[in-house]
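Summary of structural features
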Amino acid sequence: MVPDPEFEAARPQLTAVAFRLLGSIDDAEDAVQTTWIKASTAGELRNPAAWLTTVLTRVCLDQLRMRHRRHEEPLFADLIPAASLAADERYLQRENVSRALMVVLDRLTPAQRVAYVLHDLFDVPFREIAATLATSTGNAKKHASRARERIAHVDSAPATPSVDSAVVDAFLAAAAGGDMDRMLTLMAGDCVRTVDPAIAPPGTHPVVTGAAAVAEETRLFAARIRAATPMFVDDRRCYVIAPGGHLFAVIGIATRNGRVATIDIARPGEQTSIAMPMVP
């Protein structure tokens with residue numbers, strides 16, 4: 001049996017692992033509680049910390065495999081209950097979890113997610129991961145390698161001619177702070193914003209034209225923009241809005257002569273490739 005003080009000392013680490021495996025702080029805390037119940041009936045343990053991590057991972061793996069068998073796609077942010085989304089966002093900010101990483105972890109197979117999270121993020125040896133996955137050490141390494149290939153986009157291609165990344169970054173920083181004057185200095189006068197009506201709030205026009213009108217509307221959605229992170233979408237550098245680490249929409253911005261010319265906000269498709277930018 002794991003003594004209460006020892007389990008409580010391990011709880012933050014267990015929660016951190018479970019959050020990255022399941023993508024939900026509510027589900028993560030449930031998994032940790034299930035682990036505690038199992039720990040309360042365990043016999044004498046030589047390495048309680050490793051045992052707890054293994055038990056927790058198996059609990060999470062069961063959930064991931066169940067989702068996979070049911071062909072459950074990750075929910076978009078607007079389909080998650082507001083209280084759960086807010087809880088995930090609070091945890092993500094408090095623990096400084098990468099929202100971009102959470103988006104791509106959701107696109108891995110259960111085995112890939114377990115192997116990558118445990119080894120690359122928490123330094124668990126592959127032999128222990130292999131035992132949890134009921135596979136060989138070599139296969140566990142292959143799962144982690146495939147996960148890395150899906151997660152990372154090596155940013156070695158030449159910049160897209162229609163996108164000045166520095167301008168885009170500066171514009172979104174101004175938008176996140178609601179800085180109208182700064183936004184206007186970074187926009188072309190005839191800037192056009194388009195949005196998929198399916199993800200726009202009621203009453204939002206699908207197309208808005210003119211720098212002043214676009215900037216004024218953008219200021220209303222500063223909270224969403226603060227939940228945006230740079231990623232590669234179908235090999236193009238974009239910003240992905242992901243509150244709580246849950247995908248909501250992709251912001252595609254094109255520039256002209258050093259100014260923002262078009263802004264397109266859309267939901268990514270099922271086959272859309274999404275990866276984190278990595279330095280080669």
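Residues numbered from 1 in each chain as written. Predicted model: local features only at pLDDT ≥ 70, side-chain atom pairs only at ≥ 80, totals over all residues. Heavy atoms only, no water.

Quick notes on the packing of helix 1 (residues 4-22) against helix 6 (residues 110-122)
Where helix 1 meets helix 6, the closest approach of the two axes is 10 Å, and the angle between their N-to-C directions is 140°. On the basis of their axis angle, the class for helix 1 and helix 6 is oblique. Judged by the sense of rotation from one axis to the other, the crossing of helix 1 with helix 6 is right-handed. Seen from helix 1, the contacting residues are Gln13, Ala16, Val17, Phe19, Arg20, Leu21 and Leu22; seen from helix 6, they are Arg113, Val114, Val117, Leu118, Leu121 and Phe122. Partitioning the contact of helix 1 with helix 6 into residue classes produces 10 nonpolar, one polar and two charged. (Axes fitted to C-alpha atoms, helices over the stretch in contact; angles between N-to-C directions. Helix = DSSP H or I, 4+ residues; strand = E, 2+ residues; numbered from the N terminus. Parallel < 35°, antiparallel > 145°, perpendicular 65-115°, else oblique. Left-handed = near helix turned anticlockwise from the far one by under 90°. Contact = heavy atoms within 4.5 Å. Nonpolar A, V, L, I, M, F, W, Y, C, P; charged D, E, K, R; others polar.)

Describing the pattern of salt bridges
The final tally for this structure, using the stated rule, is 12 salt bridges. Put simply, Arg11 and Glu8 hold a salt bridge, and the shortest N to O gap is 2.9 Å. Taken as a pair, Arg11 and Glu8 lie in helix 1 at a separation of three residues, close to a single helical turn. Here Arg113 ties to Asp106 by a salt bridge, and the two come within 2.9 Å at their closest N and O atoms. (Salt bridge = Lys/Arg side-chain N within 4 Å of Asp/Glu carboxyl O.)

Topic: the domain arrangement of the chain
In terms of domain boundaries, the chain breaks down into domain 1 (4-152) and domain 2 (163-275). Look at where the C-alpha atoms of domain 1 and domain 2 centre, and you get two points 32 Å apart. At the interface, 20 residues of domain 1 touch 19 residues of domain 2. Buried surface at the junction of domain 1 and domain 2, both sides included, amounts to about 1,600 Å², of which 61% is carbon and sulfur. Where domain 1 meets domain 2, there are seven residue pairs in polar contact (both at pLDDT 80 or more). Residue assignment for the side of domain 1 that touches domain 2 shows that the elements contributing at least two residues are helix 4 (82-94), helix 5 (99-105) and helix 8 (137-151). Looking at which element gives the most residues to the side of domain 1 that touches domain 2, the answer is helix 5, with five residues. Residues belonging to the side of domain 1 that touches domain 2 are distributed by class as follows: 13 nonpolar, one polar and six charged. (Domains from an automatic or database assignment. Buried area = accessible area lost by both parts, 1.4 Å probe. Polar contact = N/O pair within 3.5 Å; in protein donor to acceptor, adjacent residues only side chain to side chain.)

A short note on the packing of aromatic side chains
Geometry of an aromatic ring pair is reported as the spacing of the ring centres plus the angle between the planes. This structure, assessed with the given rule, holds two aromatic pairs. The interplanar angle of 50° and the centroid separation of 5.0 Å between the aromatic rings of Phe7 and Trp36 together place this pair among those described as tilted. Here Phe7, found in helix 1, pairs with Trp36, found in helix 2 (residues 25-40); they are 29 residues apart in sequence, far enough to count as distant. Both rings, one in Phe19 and one in Tyr91, keep their centres 4.7 Å apart while their planes meet at 50°; by these two values the pair is tilted. With a gap of 72 residues between them, Phe19 in helix 1 and Tyr91 in helix 4 connect regions that are remote in the sequence. A single burial state applies to Phe19 and to Tyr91, both of which are buried. Across the ring face of Phe76, the terminal group of Arg267 is positioned such that the distance to the ring centre comes to 4.0 Å. (Phe/Tyr/Trp six-rings, centres within 6.5 Å; stacked < 30°, edge-to-face > 60°. Buried < 20%, exposed > 50% of the residue type's maximum accessible area, 1.4 Å probe, protein only. Lys NZ or Arg CZ within 6 Å of the ring centre and 35° of its normal.)

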